[in-house]
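Descriptive structure summary
Here are the chains, one letter per residue:
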Amino acid sequence: MPASLPLIELVEVRRAYGGTDGSPAVDVLRGISLSIHAGEFVAIMGASGSGKSTLMHILGCLDRPSAGTYRFAGQEIAAFSADALAWLRREAFGFVFQGYHLIRTLDALQNVEVPAVYAGEPVAQREARARALLTRLGLETRTDHRPGQLSGGQQQRVSIARALMNGGHIILADEPTGALDSQSGAEVMALLKELAASGHTVILITHDRDVAAQARRIIEIRDGRIIADNRQSEVLAKPLLEPAGFAARMNEGVARAASLWTDTREAVTSAWRTFGVNRFRTLLTLLGIVIGVASVIVMLAIGTGTQAKVAQKMALFGTNRMYVVPGSDEARGLGGTLSEQDVPLVREVPNVAAAMPFLRGQVTLRAGHVDAGATIWAVTPDAPRILNWQPVRGQFFTWSDERDLATVVLLGKKVRERLFGSADALGKYVLVNNVPFQVIGELAEKGAVTGDSDDDDVVMMPFSTGSRRVLGKTNLSWISVLLDDVSRSDQTVKALTDQLQAAHHVRDFQIYNAAAAIQAQEDTQRTMTLMLGLIAAISLLVGGIGVMNIMLMTVKERTREIGIRMATGARQRDIQRQFLTEAVMVSLVGGSAGVVVGLATGGALIGWDVPMIFSVRAIVGAFACALATGLVFGFMPARQAARLDPVVALGSD
Ligand code: ADP
Ligand code: MG
């Protein structure tokens, strides 16, 4: 019996299940005391249900005893942090399970590499060693096979290679031959013996007396108690792991962390692999985010586009306009008239910059042999300013034309085209109701900007000429008013009403306030944009909930994988980072695709004449929201995964 410090020492260890939530407590281990020295080859034997696996989980730090003491190399396990336990599982132990416990989404080589990934070993180095281990175990031609493509014996050899990846100083094998045919079983046993002979501490758990007989020490348990402990040989190989100096090594190992960059790269690679395996599901999750981001971008672009178009149209008509229209707004009200004499009254009102009589009527025009009907606008030289409409060629008429009843006209684009085609109209004469008028100007095309091409079907002439010579009436169609200050339009309406009512003695007119109407329209438009944005934001939220749903499902479905990763040495933060990375990557990829889809859809809609203005702020905002969605909705499932108990996770199916 070696007198040195034992590697593993259990004193009166107990493990009970249940008893907390009213269910009867089941004592599985009822006071196990044993010590195992470095380099020993021990078999723990017992009938099924005697507590062997429970004991192994405690030995391998996958589970904690309910009572009693476990010392590893003289240190009490109870005092170890979660990170220290993860280090022990990673660096000291190597597990071989009856059910192999390989990660199904990884190939043989990647499965073997897992413990080294968590140890932060460089890629090339760990890949070379994993390959060497698989070669040593006769699997060099199976490195890129997934567990499902390997036989039981091959899978068990892969799991032995994984156990050896970080050294495998203590091999904990729970019924390693239990699921294998006798040939494969014999091979696995030969391997374990070889490992024991080369200095590994091997703890073999079995219910089979013949298998146990191959170890050099057999501990028999029944009903959670040790009933026999027989040593066959005292000769020990020189052990790989010496208990002395262990504490220092562990402290150093736990403190050392891989760089954030390495960890992140590993998490991204691993997430990418998971997506590759679950392509369809990943695609569906992506779709939620893509639709969310794209709709935010498109909806906001339509909203701002429409808003801008309305604003542009308004700017064209002018926001600082008002119209005095004859007639009362009451159903049985007066017909009412407005005359030229009302215009100076309007001009007297404060805040009125200009006021113009406006008379409209239908006429027939003739140039050469061409006849055309058109609308005439009899206005004053204030028209360009009040209507915000300039001639593109020639001149507008002057106040002296107005005084002299001059027979001059300006032609709208459509009228000019109809009468003169592509020929120059300037200086030519047209007959207006058989009176010759000289064309002194051409008006700018208005339909192109306002969308109302009827405006281009007009002829403008001095008010005096129009009312007296052509149309023969003095009742105005309306008075157009230009304001100095739009913000005072309400007071101006009141002042105008008072002024005209005083002159007419009755309210036989109405005032149409363009500024107020435009304000109302802009408000409606802003509400629309807000609504569109809200709808889009909701769809983004729904996308985010989709991510969370998938992540929660993924965690549930991959609980065993999480258990395996923990058994091979993953820290809680490794697991958390892995799941969070998956969620964030889905949203990153989905967000980017969403931006592209949004811009493409927007581009197509522009082709359909939908007004759109893309804003960088909306695009960046939508993308950032997608990213935040991934972080927020991925966090809970990731934390849930990280908090799983290794044994519970391993036991799930
Ligand atoms: P063995 O590996 O020797 O077959 P186990 O250690 O797996 O036995 O189980 C020993 C006993 O503990 C069994 O009776 C089993 O039902 C019980 N047991 C194991 N795990 C749990 C658990 N998580 N909850 C309740 N009882 C358990
Ligand atoms: Mg068992």
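The protein is annotated in an unreviewed UniProt entry as Pyoverdine export ATP-binding/permease protein PvdT of Paraburkholderia acidisoli. Regarding the protein, the relevant UniProt record gives this comment under Subcellular location (unreviewed entry): "Cell inner membrane". Recorded in UniProt for the protein, the comment headed Sequence similarities (unreviewed entry) runs: "Belongs to the ABC transporter superfamily. Macrolide exporter (TC 3.A.1.122) family."

This part covers the pattern of salt bridges. Evaluated as defined, the whole model comprises 32 salt bridges. A salt bridge links Glu340 to Arg468; its shortest N-O distance comes to 2.9 Å. Placement of the pair is Glu340 in the loop between strand S11 (321-326) and helix H11 (342-348) and Arg468 in helix H16 (residues 463-470), with a sequence separation of 128 residues. Its relative accessible area of 27% is what places Glu340 among the partly exposed residues. Its salt-bridge partner being Asp574, residue Arg577 comes within 3.5 Å of it at the nearest N-O pair. Separated by three residues within a single helix, Arg577 and Asp574 lie in helix H20 (residues 572-607), roughly one turn from each other. For Asp574, a relative accessible area of 7% gives the class buried. Through salt bridges that share partners, Glu40, Arg217, Asp229 and Arg231 make up one connected network.

This part covers unusual backbone geometry. Non-glycine residue Glu12 carries a positive phi angle of around 50°. With respect to the helices and strands, the residue Glu12 is situated in strand S1 (residues 8-17). Despite not being glycine, Leu405 has its phi angle at roughly 55°, a positive value. Relative to the assigned elements, Leu405 resides in the loop between helix H13 (399-404) and strand S15 (408-411).

Before going further, it helps to examine the nonpolar core. What tends to happen in soluble globular proteins is that the nonpolar side chains get buried as a cluster. Within the largest apolar cluster, 74 residues are counted, with the highest numbers of intra-cluster contacts made by Ile44, Tyr70, Phe72, Leu88 and Phe93. Ranked by the residues each element gives to this core, the list is headed by H20, at seven residues. Not counting chain neighbours up to four residues away, the residues in contact with Leu88 comprise Cys61, Phe72, Ile77, Phe80, Phe93, Phe246 and Met250. Within the second largest apolar cluster, 37 residues are counted, among which are Ala130, Leu164, Ile171 and Val202.

Attention now goes to the domain arrangement of the protein. When the domains of the protein are assigned, the result is domain 1 (263-310 + 521-650) and domain 2 (337-507). The straight-line distance from the C-alpha centre of domain 1 to that of domain 2 is 58 Å.

Counted by the stated rule, this structure contains eight aromatic pairs. With a centroid separation of 4.6 Å and 40° between ring planes, the pair formed by Phe396 and Phe397 is classed as tilted. Comparing Phe396 with Phe397 shows no difference in burial state: the two are buried. Through pairs of rings, three or more aromatic residues link up here, namely Phe72, Phe93, Phe95 and Phe97.

About the cut-offs
Residues numbered from 1 in each chain as written. Chains lettered and ligands numbered in written order. Predicted model: local features only at pLDDT ≥ 70, side-chain atom pairs only at ≥ 80, totals over all residues. Heavy atoms only, no water. UniProt positions renumbered as here; feature names shortened; annotations may be inferred. Salt bridge = Lys/Arg side-chain N within 4 Å of Asp/Glu carboxyl O. Helix = DSSP H or I, 4+ residues; strand = E, 2+ residues; numbered from the N terminus. Buried < 20%, exposed > 50% of the residue type's maximum accessible area, 1.4 Å probe, protein only. Core = buried A, V, L, I, M, F, W, Y, C linked by side-chain atoms within 4.5 Å. Contact = heavy atoms within 4.5 Å. Domains from an automatic or database assignment. Phe/Tyr/Trp six-rings, centres within 6.5 Å; stacked < 30°, edge-to-face > 60°.

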